[in-house]
Amino acid sequence: MLYERGMERYGVAIIGGGILGLATAVDILERRPGLRLVVLEKEAELALHQSGRNSGVVHSGIYYRPGSLKARLCREGTDLLERFAVEHGVPYRVCGKLVVAVEKGELGRLRTLSERALANGVPDVREIGPEELREIEPHVTGIRALHSPTTAITDFRRIALALGDEVRARGGTILLRSAVRSIRSQGPRHLLKTARGTLEVSGLISCAGLQSDRVAAMSTGDRAQRIVPFRGSYQRFTEDARGLVRHLVYPVPDPDLPFLGVHFTPRLDGEVWVGPSAVLALAREGTRPWQVRPGDLGATLGFAGFWRLAGRHWRTGAGEIRRDLSKRAFLRECRRYLPELRREQLLPGPFGVRAQAVNKDGTLEDDFSLLEGEGMIHVRNAPSPGGTASLAIGKLLADRMIARLDAD
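Residues numbered from 1 in each chain as written. Predicted model: local features only at pLDDT ≥ 70, side-chain atom pairs only at ≥ 80, totals over all residues. Heavy atoms only, no water.

## Some remarks on the packing of helix H1 (residues 19-31) against helix H5 (residues 156-169)
Okay, step 1: In contact at an axis separation of 9 Å, H1 and H5 are set at 35 degrees when each is read in the N-to-C sense. As for the relative orientation of H1 and H5, their crossing is left-handed in sense. Of the residues in H5, those in contact with Ile19, Leu22, Ala23, Ala25, Val26 and Leu29 of H1 are Phe156, Ile159, Ala160, Leu163, Gly164, Glu166 and Val167.
Okay, step 2: Across the contact of H1 with H5, the residue classes tally to 11 nonpolar, one polar and one charged. (Axes fitted to C-alpha atoms, helices over the stretch in contact; angles between N-to-C directions. Helix = DSSP H or I, 4+ residues; strand = E, 2+ residues; numbered from the N terminus. Left-handed = near helix turned anticlockwise from the far one by under 90°. Contact = heavy atoms within 4.5 Å. Nonpolar A, V, L, I, M, F, W, Y, C, P; charged D, E, K, R; others polar.)

In structure tokens form, the structure reads like this:
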């Protein structure tokens, strides 16, 4: 028997107090009022990592392979997110987006994005020429662009905190400073040892972000897929440069990599961020850009999949490191799209760490990835557009967990 005297018992535990875990909790509690549900968050506050350290872009679904979970849940999640933001007083601004080709070799990829946008049902997306590009963004240079007028920005941490309020209002429990240290399962019951004590649950969902592989391995032992953390650092425009862009301006991405390149992001507070870089993070949850945590770095360097990935994409990686270390190289990349930008108009900005699942063979896991077992669901990969799709992913996870509880 798992049960011990004095142990707390819950129907469902959700590991991770980011936007995805909280969205899942709200959806379950909406459909199962009175269910004893607990959210376990290891930090002293909710949404401190990926949910609170991102660009704030609500993606419309241009990039994702039609038929993938990303494509479906991004489109569904956009509508749910906008509705939730409006209902809870969280700023949500439709600013529009341009994906800009600056050389002929990018036109084929731009056409592919246009076809994906159409297949995914992204509203009002169309290709435009250089003249219309200049009308929309007078300071941006390109030979062709994809215009998505409905793309928006919001504050994902405020969304997450509003979800946390909903969890509590619906009778759920949120336990902070409650890192999960071990998981032991016996059939459909799970014993969780945390930093604040031990509890027993019938259903377990982990949305552990940067720690998702480690949490999943506690209960499954599966280590074939690992999280490799990538740090993204931004620069900020000085106030006099903010008028150079009015929309989100993105490059045409490399289809072999789930990173979108250096782009320009207007913010809700009037600032404009440019970036991010995408370099290996030396700490999964560092508070400084070059902070090193030996355990995190050792886990990455000891994973064969990382070395296979590095061998395959070393040129891209070297370019990212160069732009991260050299302001001149970073400015040169920016000027491909915004020739008027001057070096003194760039200031140091924030950074965040992205959790990217990598397979043992060195391939990047491009889609959302779940690992399921008896009475448990682990979210192993939920990169961008994870924030955009969070309410839709939460609904999917709630569907599957409720089906399990009903079957017991």
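## A closer look at the pattern of salt bridges
Okay, step 1: Tallied over the full model, the rule gives 31 salt bridges.
Okay, step 2: Between Glu200 and Arg9 there is a salt bridge, with its nearest N and O atoms 3.0 Å apart. With Glu200 in strand S12 (residues 197-206) and Arg9 in strand S1 (residues 8-15), the pair connects residues that are 191 residues apart, well separated along the chain.
Okay, step 3: Exposure remark for Glu200: the relative accessible area of 3% places this residue in the buried category.
Okay, step 4: Accessibility expressed as a relative area gives 39% for Arg9, which makes it partly exposed. (Salt bridge = Lys/Arg side-chain N within 4 Å of Asp/Glu carboxyl O. Buried < 20%, exposed > 50% of the residue type's maximum accessible area, 1.4 Å probe, protein only.)

## Some points on unusual backbone geometry
Okay, step 1: A cis geometry characterises the amide bond from Gly275 onward to Pro276, with omega recorded as 0 degrees.
Okay, step 2: Summarising the element assignment, Pro276 is placed in the loop between strand S16 (272-275) and strand S17 (279-280).
Okay, step 3: Along the chain, Ser384 connects to Pro385 via a cis peptide bond; the corresponding omega equals 10 degrees.
Okay, step 4: With respect to the element layout, Pro385 can be found in the loop between strand S20 (376-381) and helix H11 (390-407).

## What to know about the sheet that holds strand S4 (residues 92-94)
Okay, step 1: Across the sheet, which stays open at both edges, the three strands sit in the order S3-S8-S4 with antiparallel pairing between neighbours. Taken across any chain shown, the strands that pair with only one partner, and hence form the sheet edges, are strand S3 (57-58) and S4.
Okay, step 2: With three bridges joining them, S4 and strand S8 (residues 152-154) adopt antiparallel strand pairing. Note on S8: the bridge partner recorded for Val94 is Ala152.
Okay, step 3: Most of the contacts of helix H2 (residues 69-87) go to S4, to which it runs at about 125 degrees, and overall it touches S3, S4 and S8. (Pairing = 2+ DSSP bridges.)

## Overview of the environment of Thr300
Okay, step 1: Mapped onto the fold, Thr300 is located in helix H7 (residues 294-301).
Okay, step 2: Sequence spacing of Thr300 and Val228 is 72 residues, and the spatial spacing of their C-alpha atoms is 6.2 Å.
Okay, step 3: Aside from chain neighbours lying at most four places away, what touches Thr300 is Val228, Pro229, Leu280 and Phe306.

## Looking at the packing of H1 against H11
Okay, step 1: Running from N to C, H1 and H11 cross one another at 50 degrees; their axes reach a closest spacing of 8 Å. Taken together, H1 and H11 sit at an angle that is classed as oblique. Of the two elements, H1 crosses H11, and the hand of that crossing is right-handed. Residue-level inspection shows Ile19, Leu20, Ala23, Thr24, Asp27, Ile28 and Arg31 of H1 in contact with H11, the latter providing Ser390, Leu391, Ile393, Gly394, Lys395, Leu397, Ala398, Asp399, Met401 and Ile402.
Okay, step 2: Of the residues in the contact of H1 with H11, the class split is 10 nonpolar, three polar and four charged. (Parallel < 35°, antiparallel > 145°, perpendicular 65-115°, else oblique.)

## Brief notes about the pairing of strand S13 (residues 225-237)
The side chains of a regular strand alternate between both faces of the sheet.
Okay, step 1: Most of S13 sits inside the fold, with 10 of its 13 residues counted as buried.
Okay, step 2: When S13 meets strand S18 (residues 346-359), the two strands line up antiparallel, connected through 12 bridges. Each residue of the ladder has a partner; that of Phe230, found in S18, is Arg354.
Okay, step 3: As judged from the two bridges shared by S13 and S17, these two strands associate in the antiparallel manner. Opposite Phe230, over in S17, you have Leu280 as the bridge partner.
Okay, step 4: Sheet analysis places S13 next to S16, joined by two bridges and oriented antiparallel. In the sheet register, Gln235 faces S16, and the bridge partner there is Val274.

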